[in-house]
Amino acid sequence: MIHLRIVVPSYQSEHTLDLLGGIPSVCNLVFLERAARKPEGDVILCDVAREDASVVVSDLRELDIDVEGSISMEEIDSQISAGAIRAEKAAAGAPSDAVVWEEVESRTSENVELSASFLAFMAVAMMIAAVGILTDQIVLIIGAMVVGPEFGPIAGLCVAAVQRRGDLLKRSLLAVVVGFPVGITGALLLTLALDATGLIPDNFAQEDHPFTEFISDPDFFSFLVAYLAGAAGMLSLTSAKSGALIGVLISVTTIPAAANIGVAAALGDWPEWGGAIGQLSLNLGAIFLAGIGTLYLQRRLYRRRRVEHLHAEAREAAGLPLGRSRRAKARAQKPTAGG
């Protein structure tokens, strides 16, 4: 279940209560008259089945509550209520499969910022991976994947592409195009320093390191693993599952290959350098392809659910049009720049 705290202008309270009261998947409806001070208005509390959370919020936004008031959402970890059970049964589908798109947007927006800490984690992750490549220690490669923070902006790019959000696209792309070069530079400088101090043998060759040889040898299985990792990443993002382990899975296809670009460049091993670039490019392409495809399918399913909900009688009771969105009509009637 999802708990909603709604601050609504007093003149919209009756419409909001009629709307929420008429939706079977909503329960525990509470009205607090004139309880809000900033902005002024009434407070409405309710719980809604996770499957219907986004369609209900879309209705509330049609009433302009997000403009004149606010809508807060939080996950309910546990609830003992027969009414809540009935509300969940009234919503089609399984809660674990439901996508709360407002939650997805919030998660990605929080994790795509280009910050000093993000760049530091990228550099540290790739330097750890560089040591793992030089010593052929797979445990260090795994450690680098745990540290790598690149899952956030990669997920942000996929969400931005599906939802056509230019602001999120710019921020995510900036984090990717700056973060990876910074991390690669960190791996390169560390390798140069180790080489200058004689800690890297003169006869070092990655061909003699079987545990890390896969990093610069792109093939079908590289594409397959990256594609599956991308799909798993988007499913974890949209199903409220823990993204920590999924982030490690994403990193297995990005951090080691990116670090190897810096290592190979420092050692002047240009065939290895080209292979690492090919590996990283192939992996990123597969992740984006799978991520965008997964999100697009989930978005289509949500839109189908939303279209069905537009015919709910509760919308008519709230003064909303049946069969169409009020905001969609407003966008269609908005004059263009030239007209």
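Conventions we followed
Residues numbered from 1 in each chain as written. Predicted model: local features only at pLDDT ≥ 70, side-chain atom pairs only at ≥ 80, totals over all residues. Heavy atoms only, no water. Phe/Tyr/Trp six-rings, centres within 6.5 Å; stacked < 30°, edge-to-face > 60°. Buried < 20%, exposed > 50% of the residue type's maximum accessible area, 1.4 Å probe, protein only. Helix = DSSP H or I, 4+ residues; strand = E, 2+ residues; numbered from the N terminus. Lys NZ or Arg CZ within 6 Å of the ring centre and 35° of its normal. Pairing = 2+ DSSP bridges. Axes fitted to C-alpha atoms, helices over the stretch in contact; angles between N-to-C directions. Parallel < 35°, antiparallel > 145°, perpendicular 65-115°, else oblique. Left-handed = near helix turned anticlockwise from the far one by under 90°. Contact = heavy atoms within 4.5 Å. Nonpolar A, V, L, I, M, F, W, Y, C, P; charged D, E, K, R; others polar. Patch = residues over 30% accessible without salt bridge, like charges linked within 9 Å, V, L, I, M, F, W, Y side chains within 5 Å. Areas by Shrake-Rupley, 256 points an atom, 1.4 Å probe, with all protein chains shown as cover. Salt bridge = Lys/Arg side-chain N within 4 Å of Asp/Glu carboxyl O. Lys, Arg positive; Asp, Glu negative; His and termini not counted. Charge placed at Lys NZ, Arg CZ, Asp CG, Glu CD. Expected span 1.5 Å × (residues − 1).

A. The arrangement of the packing of aromatic side chains in detail. In this structure the tally under the stated criterion is four aromatic pairs. Aromatic side chains F220 and F221 sit 5.7 Å apart centroid to centroid with 70 degrees between the ring planes, which places their arrangement in the edge-to-face category. With a relative accessible area of 54%, F220 lands in the exposed category. Aromatic side chains W270 and W273 sit 5.6 Å apart centroid to centroid with 85 degrees between the ring planes, which places their arrangement in the edge-to-face category. Of this pair, W270 and W273 both sit in helix α13 (residues 270-309), three residues apart, which is roughly one turn of the helix. Judged by its relative accessible area of 32%, W273 falls in the partly exposed class. A cation sits over an aromatic face here: R299 above W101, 4.9 Å from the ring centre.

B. Up close: helix α2 (residues 53-62). Extensive coverage of α2 is indicated by the burial of nine of its 10 residues. For α2, the full list of buried residues reads A53, S54, V55, V56, V57, S58, D59, L60 and E62. After α2 finishes, the residue D64 shows a positive phi value of roughly 65 degrees.

C. Broad picture of the sheet that holds strand β2 (residues 26-37). Spatial ordering of the open sheet is given by β2-β3-β1-β4, a layout of four strands whose pairing is antiparallel. Of all strands in the sheet, those with a lone pairing partner are β2 and β4 (70-75), marking the two edges. Recorded for the sheet is a direction-independent mean angle of 15 degrees between the axes of neighbouring strands.

D. Quick peek at the packing of α2 against α13. α13 packs onto α2 with a crossing angle of 55 degrees between their chain directions and a minimal axis gap of 10 Å. Classified by the angle their axes make, α2 and α13 are oblique. The chirality of how α2 crosses α13 is right-handed. Judged by residue contacts, S54, V55, S58, D59 and E62 of α2 engage Y302, R305, R306 and H309 from α13. For the contact of α2 with α13, the residue count by class is two nonpolar, three polar and four charged.

E. Highlighting a positive patch on the surface. On the surface, R164, R300, R303 and R304 cluster together into a patch of positive charge. Tracing the backbone through its elements, the reader meets R303 in helix α13. Residue R303 is classed as partly exposed on the basis of its relative accessible area, which comes to 44%.

F. Representation of the packing of helix α6 (residues 116-135) against helix α9 (residues 166-196) within the structure. Their axes nearest at 8 Å, the elements α6 and α9 cross at an angle of 45 degrees. With respect to their mutual orientation, α6 and α9 come out oblique. Crossing of α6 over α9 shows right-handed handedness. Taken together, the residues of α9 that come into contact with α6 (itself represented by F118, L119, M122, A123, M126, M127, A130, V131 and L134) are A175, V178, G179, F180, V182, G183, I184, G186, A187, L190, T191 and L194. Here the contact of α6 with α9 is built from residues that sort into 17 nonpolar, four polar and no charged.

G. The pattern of salt bridges, seen in detail. Applying the stated criterion across every chain, the model contains 11 salt bridges. The partner of E75 in a salt bridge is R50, and the shortest N-O contact between them spans 2.8 Å. Note that E75 is positioned in strand β4 and R50 in the loop between β3 (40-48) and α2, a separation of 25 residues in sequence. Its salt-bridge partner being D52, residue R305 comes within 2.9 Å of it at the nearest N-O pair. Of the two residues, R305 sits in helix α13 while D52 sits in the loop between β3 and α2, which places them 253 residues apart along the sequence.

H. Summary view of the environment of A193. In this fold, A193 is placed in helix α9. Counting along the chain gives 79 residues from A193 to E272, while the straight-line C-alpha distance between them is 19 Å.

I. Seen up close, helix α8 (residues 151-163). The end-to-end C-alpha distance of α8 is 18 Å, a good match for the 18 Å that 13 residues give at a rise of 1.5 Å each. Counting buried positions along α8 gives 12 out of 13 residues, so the element sits mostly inside the fold. Taken as a whole, α8 has its buried residues at F151, G152, P153, I154, A155, G156, L157, C158, V159, A160, V162 and Q163. Just downstream of α8 lies R164, where phi reads positive at about 55 degrees.

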